[in-house]
Amino acid sequence: MAPHAVLREIGCPFELVRVDTAKGENRTPEYLALNPHHRVPTLIHGSRVMFESAAITLYLCENHPEAGLMPLPGEPGREVFLQWLFFFTNTLQEDLQHWWHADNYLDTEAAREEMKAVAERRLQRLFSQIDSGLAENGPHVLGARFSAADIFLVMLCRWTRAMAVPATDYPHLNRLIGIVTARPAWAAMMEAEGINWNGPLA
Ligand SMILES: N[C@@H](CCC(=O)N[C@@H](CS)C(=O)NCC(=O)O)C(=O)O
């Protein structure tokens with residue numbers, strides 16, 4: 001979702017190729033040759049191939065500085081952008097993975113249930129901290145400036161929709177969700193993906 005929305009924000013031509021994980025299309029020899037970790041997404045740019053959505057997001061932003069989707073090296077806010085993008089992908093997204101995909105980590109149902117409960121508690125704390133940060137220095141992750149970090153965070157907010165306390169329950173996160181989802185690029189991405197905010201896909 002995030003690299004796709006970033007491509008639409010940039011407005012450059014691209015081809016979207018659906019890889020249906022439910023049908024195992026991410027485990028075909030052709031796909032594994034591109035991405036041996038059998039995960040989506042994968043970006044192909046000329047002869048270059050890369051995976052990891054945050055890395056792809058950063059790469060797209062730096063290849064299209066005219067889109068202004070992140071502070072470039074030397075610009076104010078660069079360190080804040082990097083800090084949050086990395087935090088979102090390696091801390092927030094990891095707890096979300098524990099909740100959605102506990103079967104990737106643990107064998108027994110009881111252990112998975114316990115992991116999900118712990119992940120949900122941790123996520124409530126993390127989202128609450130992020131919400132407080134947005135209260136002090138919002139409405140975006142970078143304050144007044146919209147960036148690809150907002151898109152990445154809102155993508156992860158959608159992953160909470162089936163939890164007891166979804167991200168939409170936090171007022172400042174909810175305001176950011178409203179800002180990002182009102183953007184034409186986000187709406188076009190959701191339509192092309194065939195998903196809505198409350199739909200089944202993560
Ligand atoms: N850290 C990776 C996570 C990607 C990821 O977990 N993708 C899931 C779908 S949301 C996937 O491809 N799962 C299929 C699998 O692991 O086999 C990223 O951000 O690109």
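Residues numbered from 1 in each chain as written. Predicted model: local features only at pLDDT ≥ 70, side-chain atom pairs only at ≥ 80, totals over all residues. Heavy atoms only, no water.

Engineer: Help me understand the pairing of strand β2 (residues 48–51), please; the structure alone is not making it clear to me.
Structural biologist: Walk down a regular strand and you will see the side chains alternate between the two sheet faces. The sheet contact formed by strand β1 (residues 42–45) and β2 spans 4 bridges and is antiparallel. Residue L43 lies in a different strand from β2, and its bridge partner there is M50. Counting the residues between successive antiparallel strands, the hairpin from β1 to β2 contains 2 residues, one of them, G46, with a positive phi of roughly 60°. (Pairing = 2+ DSSP bridges. Helix = DSSP H or I, 4+ residues; strand = E, 2+ residues; numbered from the N terminus.)

Engineer: I keep staring at the site of the ligand and nothing clicks. Help me out?
Structural biologist: Taken together, the residues surrounding the ligand are N26, R27, H38, R39, V40, P41, E52, S53, Q93 and Q97. Between an oxygen atom of the ligand and a main-chain N or O atom of V40, the distance comes to 2.8 Å. Expressed as a share of its isolated accessible area of 510 Å², the protein-covered part of the ligand is 83%. Tallied by class, the residues present in the shell around the ligand amount to 2 nonpolar, 5 polar and 3 charged. (Near = heavy atom within 4 Å. Polar contact = N/O pair within 3.5 Å; in protein donor to acceptor, adjacent residues only side chain to side chain. Areas by Shrake-Rupley, 256 points an atom, 1.4 Å probe, with all protein chains shown as cover. Nonpolar A, V, L, I, M, F, W, Y, C, P; charged D, E, K, R; others polar.)

Engineer: What is the right way to look at the packing of aromatic side chains in this model?
Structural biologist: The geometry of an aromatic ring pair is captured by two quantities: the separation of the ring centres and the angle between the planes. All told, the structure shown has 5 aromatic pairs when counted by the stated rule. Taking 5.7 Å as the distance between ring centres and 25° as the angle between the ring planes, the aromatic pair formed by W84 and F88 counts as stacked. A residue pair is termed a helical-turn pair when its members lie 3 or 4 positions apart in one helix, as W84 and F88 do in helix α4 (residues 78–100) at 4 residues. Where W99 meets W100, the ring centres are 5.3 Å apart and the plane angle is 75°; that geometry is what we call edge-to-face. Through a chain of ring-to-ring contacts, three or more aromatic side chains come together here, namely W84, F87 and F88. (Phe/Tyr/Trp six-rings, centres within 6.5 Å; stacked < 30°, edge-to-face > 60°.)

Engineer: Is there a simple way to think about helix α7 (residues 171–181) in this case?
Structural biologist: Among the residues of α7, those classed as buried are L173, L176, I177 and V180. All buried residues of α7 fall inside an arc of 105° around its axis, so they share one side. (Buried < 20%, exposed > 50% of the residue type's maximum accessible area, 1.4 Å probe, protein only. Arc of directions from axis to C-beta.)

Engineer: Even after reading the chapter, I still don't get helix α5 (residues 109–137), so can you show me in this structure?
Structural biologist: Structural remark: α-helix, 3.6 residues per turn; residues separated by three or four positions point the same way. With 29 residues, α5 should cover 42 Å at 1.5 Å per step; its first-to-last C-alpha distance of 41 Å lies within 8% of that length. Where α5 is buried, its residues touch α4, α6 (148–158) and α7. (Expected span 1.5 Å × (residues − 1). Contact = heavy atoms within 4.5 Å.)

Engineer: I'm lost on the side chain of D150 in this one. Help?
Structural biologist: Looking at the element boundaries, D150 is found in helix α6. Buried and unpaired, D150 has no salt bridge, with R183 as the nearest side chain of opposite charge at 7.5 Å. Reaching out from D150, the side chain makes a polar contact with the backbone nitrogen of V141 at a distance of 2.8 Å. Those residues in contact with D150 that lie beyond four places of it in its chain are H140, V141, R145, L176 and V180. (Lys, Arg positive; Asp, Glu negative; His and termini not counted. Salt bridge = Lys/Arg side-chain N within 4 Å of Asp/Glu carboxyl O.)

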